[in-house]
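Below are the chains, spelled out letter by letter.
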Amino acid sequence: MALVTGAARGIGRATATLLAECGATVVVADRDVVGAQQAAAAIVGAGGRAEGVGLDVGRAAEVTEVVEGVVARHGRVDFLVNNAGISLYRPLLECSEEDWDAHVDSMAKGTFLMTRAVGPVMVAQRFGRIVNLGSYVAQLNCTTKYFGPYCAAKFAVVGLTQVAAQELAPHVTVNAVGPGDVATEMMEREWEQEGERRGEAAAAVKDRYRQRLILGELEQPDDIAQAIAFLCSPLAGHVTGSHLIVSGGLPFTSDRTS
Ligand SMILES: NC(=O)c1ccc[n+]([C@@H]2O[C@H](COP(=O)([O-])OP(=O)(O)OC[C@H]3O[C@@H](n4cnc5c(N)ncnc54)[C@H](O)[C@@H]3O)[C@@H](O)[C@H]2O)c1
């Protein structure tokens, strides 16, 4: 039984799909309820077990209601993937209080609220795997200019991962996966925002991002889903408190752009 947040599209949807292919019943949760239901229907159409639910992870009352409903219907939660998130390419001095709150609510607060709600269920059943979405930007000395609130929220997620790994042990593991540049709607928007600011076409920005990668290709949502599935699997039974960077090599960059 798996609960994946922000799973209407992108990395979350790929993760929900892969976990269903691995045999899990999946709850596809997203504040885009129509998208969540469509993603769940696609999983069911492919022979899997899934249901879509509306959920804003930054709202404690919604988190409580959804988790209580999931436990009432399914009896347990084995895997929790805290994937919901947003991003914005904007200089720190231009960011509003709303920009800050939106990032912190959907990622740091959302991860806290979901862990607080699901953690006791996993501890009581003496099994659980929690995987949080970090980012390669949540490492020291990365080039993260113009991603202030995003970067702060992702460092918070990695910090929470380390604390939760200690507090929920020994039967529950808690890890983070840190993607690099994954070709999703989130990144398409970032390339548009950066292009507008630099007077460049979004496609040109995207190509520049691709060229800087030492592996030469942007990541796809499945690349991240596979790392998440690994951390949920018995292969990773002794891994906890880690932040697994799956970034195509970032922050190392290709000679082609240096
Ligand atoms: N795409 C990348 O390159 C990249 C890199 C590093 C980390 N990540 C992280 O991976 C995760 C998924 O990113 P993606 O690229 O698939 O993004 P995306 O924008 O394609 O999808 C994000 C999903 O999260 C949902 N969502 C946003 N806020 C929510 C909230 N408060 N409650 C519930 N649902 C919410 C959205 O509706 C959307 O369906 C995010 O945490 C993101 O920060 C992505």
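Everything numeric in this text was worked out from a predicted model, so none of it was measured. (Residues numbered from 1 in each chain as written. Predicted model: local features only at pLDDT ≥ 70, side-chain atom pairs only at ≥ 80, totals over all residues.)

Asks: Would you mind showing me how to read the site of the ligand here?
Replies: For the ligand, the set of nearby residues contains 32 residues, the closest of which are Gly6, Gly10, Gly85, Thr184 and Met186. Split into classes, the residues belonging to the shell around the ligand amount to 12 nonpolar, 13 polar and seven charged. In terms of domain composition, the shell around the ligand takes at least three residues from each of domain 1 (2–180 + 220–247) and domain 2 (183–218). (Near = placed C-beta within 6 Å. Nonpolar A, V, L, I, M, F, W, Y, C, P; charged D, E, K, R; others polar. Domains from an automatic or database assignment.)

Asks: Looking at this structure, I do not really get the sheet that holds strand β6 (residues 172–179). What am I missing?
Replies: Sheets are built from strands paired through backbone hydrogen bonds, the pairs being either parallel or antiparallel. Here seven strands make up an open sheet; going across it, the order is β3-β2-β1-β4-β5-β6-β7 and the pairing parallel. Each of the sheet's edge strands pairs with one partner strand only, and the pair in question is β3 (49–54) and β7 (243–246). Strand-to-strand, the axes of this sheet are offset by a mean angle of 20 degrees, without reference to chain direction. Taken together, the six bridges between strand β2 (residues 25–30) and β3 define a ladder with parallel strand orientation. Paired with alanine 29 across the two strands is valine 53, which belongs to β3. Contacts from helix α5 (residues 148–168) reach β5 (128–133), β6 and β7 within the one sheet, and its direction differs from that of β6 by about 165 degrees. (Pairing = 2+ DSSP bridges. Helix = DSSP H or I, 4+ residues; strand = E, 2+ residues; numbered from the N terminus. Axes fitted to C-alpha atoms, helices over the stretch in contact; angles between N-to-C directions. Contact = placed C-beta atoms within 7 Å.)

Asks: What should I look at first to understand the pairing of β2 in this one?
Replies: Both faces of the sheet carry side chains from a regular strand, because those side chains alternate between them. In terms of burial, β2 is a largely internal element, five of the six residues being buried. Two elements, strand β1 (residues 2–5) and β2, share four bridges in a ladder whose sense is parallel. Paired with valine 4 across the bridge in β2 is valine 28. Traced from β1 through helix α1 (residues 10–21) to β2, the parallel crossover comes out right-handed. (Buried ≥ 20, exposed ≤ 12 C-beta atoms within 10 Å, placed from the backbone. Right-handed = clockwise from strand over helix to strand, strands pointing away.)

Asks: Just checking my understanding: could you explain the packing of helix α3 (residues 60–74) against helix α4 (residues 97–125) for this structure?
Replies: How two helices pack is summed up by the angle between their axes together with the distance between the axes. Here α3 crosses α4 at 30 degrees, and the two axes come no closer than 9 Å. Compared by their axis directions, α3 and α4 come out roughly parallel. Viewed along their axes, α3 and α4 form a crossing whose handedness is right-handed. Here Ala60, Val63, Thr64, Val67 and Val71 of α3 come into contact with α4, specifically with Leu113, Met114, Ala117, Val118 and Val121. Grouping the constituent residues of the contact of α3 with α4 by class yields nine nonpolar, one polar and no charged. (Parallel < 35°, antiparallel > 145°, perpendicular 65-115°, else oblique. Left-handed = near helix turned anticlockwise from the far one by under 90°.)

Asks: Please clarify how the pairing of β6 should be interpreted in this entry.
Replies: Within β6, eight of the eight residues are buried, which leaves the element mostly enclosed by the surrounding structure. Across six bridges, β5 lies against β6 in parallel orientation. Bridge pairing links valine 131 to asparagine 175 in β6. What joins β5 to β6 is α5, and the crossover it makes is right-handed. Sheet topology places β6 next to β7; four bridges connect them, and they run parallel. Its bridge partner lying in β7, glycine 178 is registered against isoleucine 245.

Asks: What exactly am I supposed to notice about unusual backbone geometry here?
Replies: Among all residues save glycine, negative phi is the norm, and among peptide bonds the norm is trans. Of note, the bond from alanine 169 into proline 170 is cis; its omega dihedral lies within 30 degrees of zero at 10 degrees. Checked against the element boundaries, proline 170 lands in the loop between α5 and β6. The step from leucine 250 to proline 251 runs through a cis peptide bond, and the omega angle for that step is 10 degrees. Mapped onto the fold, proline 251 is located in the segment after β7. The phi angle at arginine 126 is positive, at roughly 60 degrees, despite the residue not being glycine. Within the fold, arginine 126 resides in the loop between α4 and β5.

Asks: Just checking my understanding: could you explain the domain arrangement of the protein chain for this structure?
Replies: Quite often, the size of an interface is put as the accessible area lost when its parts meet. The domain boundaries assigned to the protein chain delineate domain 1 (2–180 + 220–247) and domain 2 (183–218). Taking only C-alpha atoms, the centre of domain 1 and the centre of domain 2 are 24 Å apart. Contacts between domain 1 and domain 2 engage seven residues on the former and seven residues on the latter. The residue inventory of the side of domain 1 that touches domain 2, partitioned by class, reads three nonpolar, three polar and one charged.

Asks: Explain α1 here, please?
Replies: Working note: α-helix, 3.6 residues per turn, so residues spaced by three or four point in the same direction. In a regular helix each residue adds 1.5 Å, so 12 residues correspond to 16 Å; α1 covers 17 Å between its end C-alpha atoms and thus fits that length. The element α1 is extensively covered by neighbouring structure, given that 10 of its 12 residues are classed as buried. Taken together, the buried positions of α1 are occupied by Ile11, Gly12, Arg13, Ala14, Thr15, Ala16, Thr17, Leu18, Leu19 and Ala20. Downstream of α1 by one or two residues, glycine 23 has phi in the positive range, about 110 degrees. (Expected span 1.5 Å × (residues − 1).)

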